[in-house]
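Listed below are the residues making up each chain.
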Amino acid sequence: VIPTQPERQQLARSRAEAASAFLSRNDLEDARLEARMMGSTHPPGDDADPEAAAARAEALGDIETAIRMAAVVTAQRDHASDWNNLARLALHPARTEDRAASQQALRAAINGYLRASDNATAAVALSHLAQAQEQRGNGRAALAALRLAAQLAPENRALAEALEQFTARHGL
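Below you will find a few notes about this structure. What you are looking at is a predicted structure, and each value in this text was computed from that prediction instead of being measured.

Here's the deal with the packing of helix 5 (residues 80-90) against helix 6 (residues 99-115)
Helix-helix packing is described using two parameters, namely the angle between the two axes and the distance between the axes. At a minimum axis distance of 8 Å, the contact between helix 5 and helix 6 shows a crossing angle of 160 degrees. By the angle between their directions, the pair helix 5 and helix 6 is classed as roughly antiparallel. Where helix 5 crosses over helix 6, the two elements pack in a sense that is left-handed. Across from Ala80, Trp83, Asn84, Leu86, Ala87 and Ala90 in helix 5, the residues of helix 6 making contact are Ala101, Gln104, Ala105, Ala108, Ala109, Asn111, Gly112, Tyr113 and Arg115. Per-class residue counts for the contact of helix 5 with helix 6 are ten nonpolar, four polar and one charged.

Structure, rendered in C-alpha coordinates:
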(Lines give C-alpha, C1' and ligand atoms only; values in the text may rest on other atoms or scores of the structure.)
Protein backbone atom coordinates (compact mmCIF):
# COMPACT_ATOMS: atom_id res chain seq x y z
CA VAL A 1 0.00 0.00 0.00
CA ILE A 2 1.38 3.39 -1.00
CA PRO A 3 0.60 6.08 1.62
CA THR A 4 -1.44 9.02 0.38
CA GLN A 5 -0.68 12.61 1.28
CA PRO A 6 -3.52 14.50 3.04
CA GLU A 7 -3.91 17.01 0.17
CA ARG A 8 -4.28 14.16 -2.32
CA GLN A 9 -6.87 12.54 -0.08
CA GLN A 10 -8.83 15.79 0.03
CA LEU A 11 -8.65 16.14 -3.75
CA ALA A 12 -9.90 12.56 -4.14
CA ARG A 13 -12.82 13.30 -1.78
CA SER A 14 -13.65 16.42 -3.80
CA ARG A 15 -13.51 14.48 -7.05
CA ALA A 16 -15.73 11.72 -5.62
CA GLU A 17 -18.26 14.33 -4.52
CA ALA A 18 -18.25 15.93 -7.98
CA ALA A 19 -19.00 12.51 -9.47
CA SER A 20 -21.64 11.47 -6.92
CA ALA A 21 -24.37 11.67 -9.56
CA PHE A 22 -22.87 8.73 -11.44
CA LEU A 23 -20.54 6.96 -9.00
CA SER A 24 -22.19 4.95 -6.26
CA ARG A 25 -20.66 4.12 -2.92
CA ASN A 26 -20.32 0.55 -4.19
CA ASP A 27 -18.41 1.75 -7.26
CA LEU A 28 -16.04 3.74 -5.05
CA GLU A 29 -15.60 0.88 -2.60
CA ASP A 30 -14.90 -1.61 -5.41
CA ALA A 31 -12.26 0.76 -6.80
CA ARG A 32 -10.73 1.28 -3.36
CA LEU A 33 -10.48 -2.48 -2.81
CA GLU A 34 -8.96 -2.94 -6.25
CA ALA A 35 -6.29 -0.35 -5.44
CA ARG A 36 -5.62 -1.88 -2.06
CA MET A 37 -5.14 -5.37 -3.52
CA MET A 38 -3.04 -4.38 -6.57
CA GLY A 39 0.31 -5.11 -4.94
CA SER A 40 -0.69 -8.62 -3.90
CA THR A 41 -2.61 -9.52 -7.06
CA HIS A 42 0.01 -8.05 -9.42
CA PRO A 43 3.44 -8.50 -7.81
CA PRO A 44 6.60 -7.64 -9.72
CA GLY A 45 7.59 -10.40 -12.10
CA ASP A 46 10.74 -11.38 -13.89
CA ASP A 47 10.54 -8.54 -16.40
CA ALA A 48 12.84 -5.69 -15.36
CA ASP A 49 10.73 -3.12 -17.26
CA PRO A 50 7.04 -4.03 -17.06
CA GLU A 51 6.03 -0.74 -18.69
CA ALA A 52 8.05 -1.55 -21.82
CA ALA A 53 6.77 -5.15 -21.69
CA ALA A 54 3.19 -3.85 -21.65
CA ALA A 55 3.87 -1.62 -24.65
CA ARG A 56 5.49 -4.49 -26.56
CA ALA A 57 2.61 -6.84 -25.78
CA GLU A 58 0.05 -4.25 -26.87
CA ALA A 59 1.94 -3.61 -30.12
CA LEU A 60 1.87 -7.36 -30.79
CA GLY A 61 -1.86 -7.52 -30.06
CA ASP A 62 -1.43 -9.51 -26.86
CA ILE A 63 -3.84 -7.41 -24.81
CA GLU A 64 -4.07 -9.80 -21.86
CA THR A 65 -0.29 -9.68 -21.34
CA ALA A 66 -0.33 -5.91 -21.82
CA ILE A 67 -2.97 -5.65 -19.09
CA ARG A 68 -0.99 -7.87 -16.73
CA MET A 69 2.18 -5.84 -17.23
CA ALA A 70 0.32 -2.53 -16.95
CA ALA A 71 -1.22 -3.78 -13.70
CA VAL A 72 2.27 -4.48 -12.33
CA VAL A 73 3.30 -0.92 -13.19
CA THR A 74 0.13 0.42 -11.59
CA ALA A 75 0.73 -1.60 -8.44
CA GLN A 76 4.29 -0.28 -8.19
CA ARG A 77 3.57 3.42 -8.76
CA ASP A 78 -0.15 4.02 -8.14
CA HIS A 79 -0.18 7.01 -10.53
CA ALA A 80 -3.34 8.30 -12.16
CA SER A 81 -1.78 7.91 -15.61
CA ASP A 82 -1.04 4.24 -14.90
CA TRP A 83 -4.63 3.62 -13.80
CA ASN A 84 -5.83 5.42 -16.93
CA ASN A 85 -3.63 3.23 -19.11
CA LEU A 86 -4.96 0.13 -17.39
CA ALA A 87 -8.54 1.32 -18.02
CA ARG A 88 -7.71 2.03 -21.68
CA LEU A 89 -6.31 -1.46 -22.16
CA ALA A 90 -9.25 -3.09 -20.40
CA LEU A 91 -11.54 -1.28 -22.86
CA HIS A 92 -9.71 -2.73 -25.88
CA PRO A 93 -12.18 -3.56 -28.68
CA ALA A 94 -11.28 -7.26 -28.45
CA ARG A 95 -12.74 -7.27 -24.93
CA THR A 96 -15.99 -5.32 -25.45
CA GLU A 97 -18.26 -8.32 -24.85
CA ASP A 98 -16.47 -9.24 -21.62
CA ARG A 99 -18.43 -7.92 -18.60
CA ALA A 100 -15.46 -8.55 -16.30
CA ALA A 101 -13.31 -6.38 -18.59
CA SER A 102 -15.75 -3.48 -18.39
CA GLN A 103 -15.83 -3.85 -14.61
CA GLN A 104 -12.01 -3.87 -14.53
CA ALA A 105 -11.97 -0.77 -16.73
CA LEU A 106 -14.51 0.96 -14.49
CA ARG A 107 -12.48 0.33 -11.33
CA ALA A 108 -9.25 1.45 -13.01
CA ALA A 109 -10.89 4.58 -14.41
CA ILE A 110 -12.31 5.49 -11.00
CA ASN A 111 -8.87 5.09 -9.46
CA GLY A 112 -7.32 7.19 -12.23
CA TYR A 113 -9.92 9.89 -11.72
CA LEU A 114 -9.52 9.99 -7.93
CA ARG A 115 -5.72 10.11 -8.18
CA ALA A 116 -5.55 12.75 -10.91
CA SER A 117 -3.70 15.84 -9.76
CA ASP A 118 -4.86 17.87 -12.78
CA ASN A 119 -8.14 18.23 -14.63
CA ALA A 120 -6.80 16.97 -17.95
CA THR A 121 -5.80 13.62 -16.43
CA ALA A 122 -9.10 13.45 -14.54
CA ALA A 123 -10.97 14.06 -17.80
CA VAL A 124 -9.15 11.19 -19.51
CA ALA A 125 -10.12 8.91 -16.63
CA LEU A 126 -13.73 10.06 -16.89
CA SER A 127 -13.79 9.33 -20.62
CA HIS A 128 -12.65 5.76 -19.89
CA LEU A 129 -15.20 5.54 -17.09
CA ALA A 130 -17.91 6.64 -19.53
CA GLN A 131 -16.88 3.95 -22.04
CA ALA A 132 -17.00 1.29 -19.32
CA GLN A 133 -20.40 2.47 -18.14
CA GLU A 134 -21.75 2.48 -21.68
CA GLN A 135 -20.47 -1.08 -22.22
CA ARG A 136 -22.26 -2.08 -19.03
CA GLY A 137 -25.51 -0.51 -20.26
CA ASN A 138 -25.38 2.45 -17.86
CA GLY A 139 -26.02 5.22 -20.36
CA ARG A 140 -27.00 7.87 -17.81
CA ALA A 141 -23.81 7.36 -15.82
CA ALA A 142 -21.77 7.39 -19.03
CA LEU A 143 -23.35 10.65 -20.17
CA ALA A 144 -22.84 12.30 -16.77
CA ALA A 145 -19.17 11.21 -16.76
CA LEU A 146 -18.61 12.58 -20.27
CA ARG A 147 -20.26 15.87 -19.35
CA LEU A 148 -18.02 16.26 -16.30
CA ALA A 149 -14.97 15.33 -18.39
CA ALA A 150 -15.85 18.00 -20.96
CA GLN A 151 -16.35 20.51 -18.15
CA LEU A 152 -12.95 19.70 -16.63
CA ALA A 153 -11.12 19.89 -19.96
CA PRO A 154 -13.07 22.25 -22.24
CA GLU A 155 -10.04 22.56 -24.56
CA ASN A 156 -10.02 18.81 -25.23
CA ARG A 157 -11.68 18.51 -28.64
CA ALA A 158 -11.65 14.69 -28.54
CA LEU A 159 -13.80 14.77 -25.40
CA ALA A 160 -16.23 17.22 -26.96
CA GLU A 161 -16.50 14.93 -29.99
CA ALA A 162 -16.99 11.86 -27.77
CA LEU A 163 -19.83 13.66 -26.00
CA GLU A 164 -21.42 14.64 -29.33
CA GLN A 165 -21.11 11.07 -30.65
CA PHE A 166 -22.55 9.63 -27.43
CA THR A 167 -25.58 11.91 -27.54
CA ALA A 168 -26.11 11.13 -31.25
CA ARG A 169 -25.81 7.36 -30.63
CA HIS A 170 -28.36 7.49 -27.84
CA GLY A 171 -30.65 10.12 -29.35
CA LEU A 172 -30.14 12.62 -26.57
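Here we look at the side chain of Asp82
If you trace the backbone, Asp82 turns up in helix 5. If we ignore the near neighbours within four places in the chain, the residues touching Asp82 are Val73, Thr74 and Arg77.

Considerations on the packing of helix 8 (residues 139-152) against helix 9 (residues 157-169)
Relative to each other, helix 8 and helix 9 sit at 155 degrees, their axes nearing to 9 Å. Taken together, helix 8 and helix 9 sit at an angle that is classed as roughly antiparallel. You can see that helix 8 and helix 9 cross each other, and the crossing is left-handed. Together, Gly139, Ala142, Leu143, Leu146, Arg147, Ala149 and Ala150 of helix 8 and Leu159, Ala162, Leu163, Phe166 and Thr167 of helix 9 make up the contact between the two elements. The residue makeup of the contact of helix 8 with helix 9, split by class, is nine nonpolar, two polar and one charged.

Re the environment of Ala141
Among the secondary structure elements, Ala141 is positioned in helix 8. When the C-alpha positions of Ala141 and Phe22 are compared, they lie 4.7 Å apart, and in sequence the two are 119 residues distant. Setting aside chain neighbours within four positions, we find Ala141 in contact with Phe22 and Gln133.

As for helix 9
The first and last C-alpha atoms of helix 9 sit 18 Å apart over 13 residues, in line with the 18 Å expected at 1.5 Å per residue. Here the buried face of helix 9 lies against helix 7 (119-135) and helix 8. One side-chain oxygen of the residue at the start of helix 9 lies 3.0 Å from the amide nitrogen of Ala158, identifying that residue as Asn156.

Some thoughts on the nonpolar core
Note that soluble globular proteins tend to have their nonpolar side chains buried in a common cluster. Phe22, Leu86, Tyr113, Leu126 and Leu129 are the most contacted members of the largest nonpolar core, which has 53 residues in total. In contact with Leu129, other than residues within four places in its own chain, are Phe22, Leu23, Leu106, Ala109, Ile110 and Ala145.

Observations regarding the pattern of salt bridges
Under the defined criterion, the tally for this structure stands at ten salt bridges. Arg107 is paired through a salt bridge with Glu34; the nearest N and O atoms lie 3.0 Å apart. Placement of the pair is Arg107 in helix 6 and Glu34 in helix 2 (residues 25-41), with a sequence separation of 73 residues. Both residues of the pair, Arg107 and Glu34, belong to the buried class. A salt bridge links Glu58 to Arg88; the nearest nitrogen and oxygen atoms lie 2.7 Å apart. In this pair, Glu58 is assigned in helix 3 (residues 50-59) and Arg88 in helix 5, connecting sequence segments 30 residues apart. Looking at Arg88, the relative accessible area reads 35%, which means it is partly exposed. Within the structure, one salt-bridge network assembled from shared partners comprises Glu51, Arg77 and Asp82.

Calculation rules
Residues numbered from 1 in each chain as written. Predicted model: local features only at pLDDT ≥ 70, side-chain atom pairs only at ≥ 80, totals over all residues. Heavy atoms only, no water. Axes fitted to C-alpha atoms, helices over the stretch in contact; angles between N-to-C directions. Helix = DSSP H or I, 4+ residues; strand = E, 2+ residues; numbered from the N terminus. Parallel < 35°, antiparallel > 145°, perpendicular 65-115°, else oblique. Left-handed = near helix turned anticlockwise from the far one by under 90°. Contact = heavy atoms within 4.5 Å. Nonpolar A, V, L, I, M, F, W, Y, C, P; charged D, E, K, R; others polar. Expected span 1.5 Å × (residues − 1). Polar contact = N/O pair within 3.5 Å; in protein donor to acceptor, adjacent residues only side chain to side chain. Core = buried A, V, L, I, M, F, W, Y, C linked by side-chain atoms within 4.5 Å. Buried < 20%, exposed > 50% of the residue type's maximum accessible area, 1.4 Å probe, protein only. Salt bridge = Lys/Arg side-chain N within 4 Å of Asp/Glu carboxyl O.

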